[in-house]
Structure formats: structure tokens, C-alpha cells
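Observations on the model geometry
What follows is the residue order along each chain.
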Amino acid sequence: MKQPFIILFVCLLLWSHIGHSAYTSPSKSFPTEQGKLTYHQQGKGKQTILLLGGGPGFSSWNLEPIQQLLAPHYRVLLMDMRGIGENKQAFNHGDTLLQQWISDLEALRQQSKTESWTIIGHSWGALMAQLYAQKYPKQVEQLILLNPVDPQTDSLKPLVERIEQKRLANTPAKDPFDESAWQQVLNTPSSAQLTQRQLSQALPSYFYDYQQGVNYAKQFNVSDFELPINLAIWQAYQRQPIRPQALKQLSLHFPIFVIGCEQDLLSPENITNYRNILPNLPHKQLAQCSHFPWVEQPETFKKQLFAFLREEADFSPLERAQWFDASGLFDSQAAQSVSSGDLRFLKADKIDTRFDYHMTNEIRFLTTSLTDGWLSLNQCHYNLDAVKTLEIVYAADKTRNISIVSQKHIGTAVVQGNRVQLNDIQGSAQICISAETRGLEAIGNQQWQLKRGPFMRRYLDGYYPMQVSLAVDWSQHPLQLIDMQPTAQQGVVTQQNDRQFNAIYQFEGKLNPQLTFKQQP
């Protein structure tokens, strides 16, 4: 059995229930270079909301209840993606089509004369929302993800088994996912019949109340689902998925909320993965609900949806600041807790260097260091915040010969005196800088003290988490390291030998490491 493809097929079936083939509201259309597209608008509020359905490959008419729910308060847009339903047309390649979808959504925003909008995405639509936001972050006010597929798609791996377990517990029907059925859908003209059978046999498993799912499935037919698009888009996404760091960077620009169901077949993997990336992600799991909260628990869903919409609108300045904080502190209480600025060392798992900002410093003693105090410095900054401009500032009287060694995901980087000016910084950006620093001081009795810092990351009136590594090499001189501050403890890991010292510091506040050397006898 071709397990990866089966997973994709199940996911499209998961969404094939999404197609009633007809919207109840009048359609509008707009031209693109690749042909006309049709969409539906309800409501005339000042704020605009875009709804994105699942699949990929299904019509989005089944989101109309959410559109109607929001229309008295917002302008709400809903559209079948290119190649599907009302916008059905041929496509050549999944990678091209996925990028076209992103462009189509931006064209819809411009057509609707919307400066920025809230995006609500269901299941695959949650990934589609993130892909759009990744390219157009300034056009997004917030994301609300409904029963989202996680960016790593780990939640899809056990999906086939869970569907089958639910189906077998409620009906004796033949397994719809056996090898013969799969070959039939790929190789025979009866794929439409197989798809319809999947609608009636697989879709009900996505409901807490199986019989409710049976009744819901009767609304759909094979014209609501495009199997080739489903397979092509999933394969395109798997080749270039949303990286955890990219999602973290998005959360710095706008709020992200999740509404899910306790009995969702994608749980707990989907929520676990989102929480691993955004530890304090605001989310609400609804009881007695599987995958369609607006259908299964309409009143509870309505209350929670409006609560998240109001919460974004009602943020105080301090609460809103949290969304632009690269520290990983995603609630206002945590933000307030770091405002004192006191130095505090952190547990080892507080900072993940794959995604979080950190700095490395390599210092080498020069032949003249013991007399003039000047040292060689190579400093690298990783996972810089995705901002328009940023300055790295060095003490003017203690730094010279600054130059840029390498850079990545940065538009421009220029040395200006004692500063390095960075522009157009993207996610996962990094830069390495070389210089000479006057950091060694003679303190008498054939002893010298090396001082570094202060290392800090300002947050409002205080500081937030940071990792700094320090590597010192004095092999050109007969010195002995006799003291270090801070000493090894939680958040401080050190190693040393006769010629080198290495330390990793994880902390909040201001850090000023000091090493004391003496002349060897």
C-alpha cells in the first residue's frame, strides 16, 4: 500500500464533504492574467475577513455558515481556489498552482480594495493562510486557524488508521482504502464512483456523532472535489513546508489563534506541534466535536470565534507588544515578568537555537594583547528578527576594523562607523562580523582581566531571553585561567583547558562575563 499517497487521498476525502456545488449568495468576478476568477461577498463591515476552506482540492461553499455568521459585523469573502468548483480550469504543475493560489488571494485582496484582512482557515486552509501570510505579512491583521493541519503534517500520519477505526466501529462496510481501491482511483474511469463511496464511508468519521456525519455527507457529490489537484498541492507543499521559524516570525507581526475539537482525528499531533513552535499559542478545544466545529457545536463555536476576534481588537498597548516580541513570550503576564531587567539564568530548554535568536563570540589573543589590550573578535548573530531595519552597535572607543564576513536573508548590511546597519531582514536571517575589540585589562601582579558585554536584548523597560556563546583562545601566551564569572550553574555551561575556554549562557537581563588570567610560572 502506498502509504504517503493514501494519506493525501484521505485528506482530500476529508474535504470532499466540502462541496455543495452551489453558493447561495450572488457571485462577483475579477480578471487576472491567468483568467477570470469568481468569489462571493457577504456583509459590509469596515473590517474584511477571508475564509479559506480545506482539501486542498475542494469547493469552499461549506464555509457559508461561517460567512453568514460573520456578515452582520464584517465584510466576508469566500472563493473556490483556481482549478476547483466555480473556478475550475486546467493546471499543469502543483508547485506552480500553489504559488498561483497565493497570488490569486493577493489579487482578491486588491480587487476588494482591502488594505489588510483577517484570515480564517480550516484544516488545509490553515496552511494556505500561513503560506499567504508568509509572503504578504503586512496585509494580515490576524490568523484564526480552525482544526488546522500542523506545518510538519505529522497529524496526517495516523489519519488512515483513525478513519478506519471510527468507520468499523459504526458500520460493517468494506475497507475503502485497500490496495485495489487505490489502484482503481488511479487507473480506471470509475474514480468518480470511488470518490462518491469515500464521501459516504469516510466523511462520517470526521464527526463526533457518526450519524450526523452520514447525513452531512449526503449534501456532496464528486463535482465538489478535484483529486489531481489534491495530490499535486500536497506534494508541492511537502517539498517546501512552512518552517517553524517562519511561523514564529509570523507571530511577531500579528496574533494567531486556534479553534479545534477535542475529538479531531488530527489531534493531538496538530496542537502539540503548534504549541512546540508557539508555546503559549491561544487555542480552544471544543468538546463533543471532531472536525467541523461550526456544524457540530455551532453555538460554542460562535462564542469562541467572536471572542478571538474581539480579543485581537481590544489589545492594550502592552498586550499588543507581545506579538512583536521575538523572545517567545506570548502572553502579557510573561511580558510584564521580564520588565525588571534583573539577570536571571534559564533552564536549558528555554531557548531553541534552531529557531530562536542567539549570538556566538570567538575571541583570540593577538601577539600584542598583553600590552595594548586589543583582541581579535568574530561575532555571529543567528535568527534575527524579521524587521525592516536593525542596528548592531559596538562601543566606539573599544572597537575597530569592523567588517562583514557573511550574511544570509538580509537585503543590505553596511558598516557605518561603530555600527552595522541591516535592512530588509527576513526570517532565519544571520550575519557574521569580524573586528578588533579592546577588552583585556592589566590588573597587576602579572594578572589580566577579560571583560565582555553587556550582552542583552531589550524588551520594553527590561529584557528577554537570549543565548550567548563565548570561545576564548590565548594559545599565543603562557597564561593560566584562574577565575571566571559567572561560574557554571543552571543556564551556564563551561569547558576549559590550558589554552582555551568555552561557555554557553542562557539568560534574561544584562550579562557581563569576566575571565581572569595570570602569567604561568
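Each remark here, short or long, concerns the structure printed above.
Fair warning: this is a prediction, and the values are worked out from it, not measured in the lab.

Basis of the calculations
- Residues numbered from 1 in each chain as written.
- Predicted model: local features only at pLDDT ≥ 70, side-chain atom pairs only at ≥ 80, totals over all residues.
- Heavy atoms only, no water.
- Disulfide = S-S within 2.5 Å.
- Helix = DSSP H or I, 4+ residues; strand = E, 2+ residues; numbered from the N terminus.
- Buried < 20%, exposed > 50% of the residue type's maximum accessible area, 1.4 Å probe, protein only.
- Axes fitted to C-alpha atoms, helices over the stretch in contact; angles between N-to-C directions.
- Parallel < 35°, antiparallel > 145°, perpendicular 65-115°, else oblique.
- Left-handed = near helix turned anticlockwise from the far one by under 90°.
- Contact = heavy atoms within 4.5 Å.
- Nonpolar A, V, L, I, M, F, W, Y, C, P; charged D, E, K, R; others polar.
- Salt bridge = Lys/Arg side-chain N within 4 Å of Asp/Glu carboxyl O.
- Phe/Tyr/Trp six-rings, centres within 6.5 Å; stacked < 30°, edge-to-face > 60°.
- Pairing = 2+ DSSP bridges.

On to the state of the cysteines. A covalent bond between the sulfur atoms of two cysteines is referred to as a disulfide. Enumeration over the complete set of coordinates arrives at 2 disulfides. A sulfur-sulfur distance of 1.9 Å marks the disulfide that ties C261 to C289. One end of the pair, C261, is in strand β7 (residues 256-261); the other, C289, is in the loop between β8 (283-286) and α12 (293-296), with 28 residues separating them in the sequence. With respect to burial, C261 and C289 carry one shared label: buried. Across the disulfide from C380 sits C432; the S-S distance is 2.1 Å. Between C380 and C432 the sulfur-sulfur dihedral comes to about 115°; the bridge is accordingly right-handed. Here C432 lies in strand β14 (residues 419-438) and C380 lies in strand β11 (residues 374-384), a separation of 52 residues in the sequence. With its disulfide-bonded cysteines labelled consecutively along the sequence, the protein chain is connected as 1-2, 3-4.

It is worth spelling out unusual backbone geometry at this point. G55 connects to P56 through a cis peptide bond whose omega is -5°. With respect to the secondary-structure elements, P56 resides in the loop between β3 (48-52) and α2 (64-70). For the peptide bond that leads from G453 to P454, omega is 5°, which places it in the cis range. Tracing the chain through its elements places P454 in the loop between β16 (447-451) and β17 (458-459). Residues other than glycine seldom take positive phi values, yet S123 does so here, at roughly 55°. Here S123 is to be found in the loop between β5 (117-122) and α4 (124-135). Phi at T153 takes a positive value of approximately 55°, unusual for a residue other than glycine. Relative to the elements of secondary structure, T153 occurs in the loop between β6 (140-146) and α5 (159-170).

Close contact between α4 and helix α9 (residues 227-239) brings their axes to 13 Å; oriented N to C, the two are set at 50°. When the axes of α4 and α9 are compared, the pair comes out oblique. Like other packed secondary-structure pairs, α4 and α9 cross with a definite hand, here left-handed. Contact residues: W124, L127 and L131 in α4; I233, W234 and Y237 in α9. Of the residues that constitute the contact of α4 with α9, the class distribution is 6 nonpolar, no polar and no charged.

According to the stated counting rule, one finds 12 salt bridges in the structure shown. Between E441 and K451 there is a salt bridge; the shortest N-O distance is 3.9 Å. Pair noted here: E441 is in strand β15 (residues 440-444) and K451 is in strand β16, with a separation of 10 residues, a long-range link. A relative accessible area of 41% places E441 in the partly exposed class. For K451, a relative accessible area of 39% gives the class partly exposed.

What follows is about the packing of aromatic side chains. All chains considered together, the criterion is met by 17 aromatic pairs. Here the aromatic rings of Y216 and F220 are separated by 5.2 Å at their centres, their planes lie at 65°, and the arrangement is edge-to-face. By relative accessible area, which is 9% here, Y216 ends up buried. Look at F220 and you get buried, because its relative accessible area is 3%. Linked through ring pairs, W61, F207, Y216, F220, F292, W294 and F301 together constitute an aromatic cluster.

A few words on the pairing of β16. Examined bridge by bridge, β15 and β16 share 4 bridges and lie antiparallel to one another. The residue of β16 that forms the bridge with E441 is Q449. Where β15 hands over to β16, the hairpin turn is made up of 2 residues, of which N445 adopts a positive phi near 55°. Pairing geometry for β16 and strand β23 (residues 514-519), over 5 bridges, is antiparallel. When the sheet's bridge partners are listed, Q449 is paired in β23 with T516.

For the rest of this paragraph, the subject is the sheet that holds β3. Strand pairing in a sheet takes place through backbone hydrogen bonds and is either antiparallel or parallel in direction. The strand order across the open sheet formed by 8 strands is β1-β2-β4-β3-β5-β6-β7-β8, and the pairing between neighbours is mixed. Where the open sheet ends on each side, the last strands, each with one partner, are β1 (27-30) and β8. Across the sheet, the mean angle separating the axes of adjacent strands is 25° when strand polarity is ignored. As paired elements, β3 and strand β4 (residues 75-78) share 4 bridges and run parallel to each other. Across the sheet, I49 pairs through a bridge with V76, a residue of β4.

Turning next to the environment of G121. One can find G121 in strand β5. Placed 67 residues apart in sequence, G121 and G54 show a C-alpha to C-alpha distance of 7.7 Å. Apart from the residues lying within four places of it in its own chain, the contact partners of G121 are L52, A126, I144, L145 and L146.

The sheet built from 4 strands is open, its strands ordered β15-β16-β23-β20 with antiparallel pairing. Each having just a single partner strand, β15 and β20 (479-485) make up the two edges of the open sheet. The mean angle between the axes of side-by-side strands here comes to 25°, regardless of whether they run parallel or antiparallel.

Attention shifts here to the packing of α4 against helix α10 (residues 244-253). At a closest axis distance of 10 Å, the pairing of α4 and α10 adopts a crossing angle of 70°. What the angle tells us is that α4 and α10 run roughly perpendicular. For the pair α4 and α10, the contacting residues are Q130, A133 and Q134 in the first and A246, L247 and L250 in the second. Tallied by class, the residues present in the contact of α4 with α10 amount to 4 nonpolar, 2 polar and no charged.

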